[in-house]
Amino acid sequence: MTAEATAARPRRLYVLRHAKSARPDGVADQDRPLAPRGRRDAPAAGRWLRDTGAAPDLVLCSPALRTRETWDLAAPELRAGGAAPQVTYDAGVYQATSDELLALVRQTPADVRTLLLIGHNPGLQDLILMLTGEADGDALVRIREKFPTSAIAVLLVPDPWSALAPGAARLTEMAVPRGRKG
C-alpha cells in the first residue's frame, strides 16, 4: 500500500471497558481483581476483536489490576494467528475523565493506525459520547444508556490522532461479548 493510501485510510479506536470485577473487602480500588464472570468475558472480548478483524498496533491500558487482567485474558484470543501489539500501561488512564483520555489518545504516535484503549467508566463512556458528538444510531443510543463491563466501541478517526477533537469520530459498532459458564 502506498504512503498516500495509508494516510487516507481512517484510524480505528477500539474502546474496551474492563471485564466484570470483584469487590473484595479491604482491597483498594486499583487492586480489585476480575470476578468469575469477568474471567469468562475477557477472553470473549478478545475473540470478538479477532473475529471482527481488529489488529491493534498499540494497546493503551490502565494499570489497575482488573484492566491488566482483562488484557491478559483477551490478548491470547486476539493474537491467535497474529503478532502481539505493543502494550503501554499508563496511570493516566486510571480514573481519567473524558478530557484526560482525549489528551492521552492525542499522544498516540502518528504511525499507529489502530489503537485499543482499555479502561474504566465513566471516562470511557464519556469519551465515546464526546468523540461522536450529536450523531445518531442504535449503537450510540445503547452507549448513552450504559457502557457495561466488557463492552467494546469501535470508532473511525479520519484525522491524525494529534488532531482528534470532540465530534470528529464516527461510531461504527458497539458490542458486549460474553463468555459462557463452563
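Report follows, based on the coordinates. Here, residues in each chain are numbered from 1, in the same order as that chain's written sequence. Only residues with pLDDT of at least 70 get local features here, since the model is predicted, and only at 80 or more are side-chain atom pairs given and counted; chain-wide, interface and lining totals rely on the full set of residues. To obtain the side-chain values, all non-hydrogen atoms of the structure were included, while hydrogens and water were left out.

Some words on the pairing of strand S5 (residues 152-157)
As a general feature of sheets, a regular strand has side chains that alternate between the two faces. Quick note on the threshold: Burial classes follow relative accessibility: with a 1.4 Å probe on protein chains only, a residue under 20% of its type's maximum area counts as buried, one over 50% as exposed, and anything between as partly exposed. Each helix is a run of H or I in the DSSP string that is no shorter than four residues. Each strand is a run of E no shorter than two, and both are numbered from the N terminus. Each pair of strands is called paired provided DSSP finds at least two bridges between the two strands.
Within S5, six of the six residues are buried, which leaves the element mostly enclosed by the surrounding structure. Where burial is concerned, the two faces of S5 agree: the one with Ile 152, Val 154 and Leu 156 and the one with Ala 153, Leu 155 and Val 157 are both buried. Inspection of the sheet shows strand S1 (residues 11-17) paired to S5 by six bridges, in the antiparallel sense. Note on S5: the bridge partner recorded for Leu 13 is Leu 155.

Examining the packing of helix H5 (residues 123-132) against helix H6 (residues 138-145)
Inclusion rule: For helices, the fitted axis covers only the stretch in contact; all axes are lines through C-alpha atoms, and the angles between them, taken along N-to-C directions, range from 0 to 180 degrees. Every angle not falling under 35 degrees, over 145, or within 65 to 115 is termed oblique; those three ranges are roughly parallel, roughly antiparallel and roughly perpendicular. Crossing handedness: left-handed means the near helix sits turned counterclockwise from the far one by under a right angle, and right-handed means the same turn made clockwise. Here, two residues are considered to be in contact whenever any of their heavy atoms come within 4.5 Å of each other. Lys, Arg, Asp and Glu make up the charged group, whereas Ala, Val, Leu, Ile, Met, Phe, Trp, Tyr, Cys and Pro make up the nonpolar group; the residues left over, Gly among them, are polar.
Between H5 and H6, whose axes approach to 9 Å, the crossing angle comes to 140 degrees. One way to sum up the angle between H5 and H6 is to call them oblique. Seen from above, H5 lies across H6 with left-handed handedness. Facing H5, whose interface residues are Gln 125, Ile 128, Leu 129 and Thr 132, H6 presents Leu 140, Ile 143, Arg 144 and Glu 145. When grouped by side-chain class, the residues that make up the contact of H5 with H6 number four nonpolar, two polar and two charged.

Concerning the pairing of S1
Most of S1 is tucked away, with six of its seven residues classed as buried. Here six bridges tie S1 to strand S4 (residues 114-119), and the two strands are oriented parallel to one another. In the sheet register, Arg 17 faces S4, and the bridge partner there is Gly 119.

Digging into helix H3 (residues 65-79)
Test applied: A helix is expected to reach a length of 1.5 Å times the quantity of its residues less one. The angle between axes fitted to the seven-residue stretch ending at a residue and the seven-residue stretch beginning at it gives the bend at that residue.
If you check H3, its first and last C-alpha atoms are 21 Å apart, about what 15 residues at 1.5 Å a residue would give, namely 21 Å. Residue Leu 73 marks the point of greatest curvature in H3, where the axis turns by about 25 degrees; the proline Pro 76 follows within four residues. Buried residues in H3 make contact with S1, helix H2 (36-51), strand S2 (58-61), strand S3 (86-89) and S4.

Quick word on the sheet that holds strand S6 (residues 170-175)
Two orientations exist for strands paired in a sheet by backbone hydrogen bonds: parallel and antiparallel. If you walk across this open sheet you meet the six strands as S3-S2-S4-S1-S5-S6, and the pairing is mixed. Only two strands of the sheet have a single partner each, and these edge strands are S3 and S6. The sheet shows a mean angle of 20 degrees between the axes of neighbouring strands, taken without regard to direction. Direction of pairing for S5 relative to S6: antiparallel, over a ladder of five bridges. Residue pairing for S6: Val 154 is matched across the bridge by Glu 173. The strands touched by H2 are S1, S4, S5 and S6; relative to S5, the strand with the most contacts, the crossing angle is about 35 degrees.

Examining the side chain of Thr 149
Position of Thr 149 relative to the elements: it lies in the loop between H6 and S5. Not counting chain neighbours up to four residues away, the residues in contact with Thr 149 comprise Arg 17, His 18, Ala 19, Lys 20, Arg 37, Val 176 and Arg 178.

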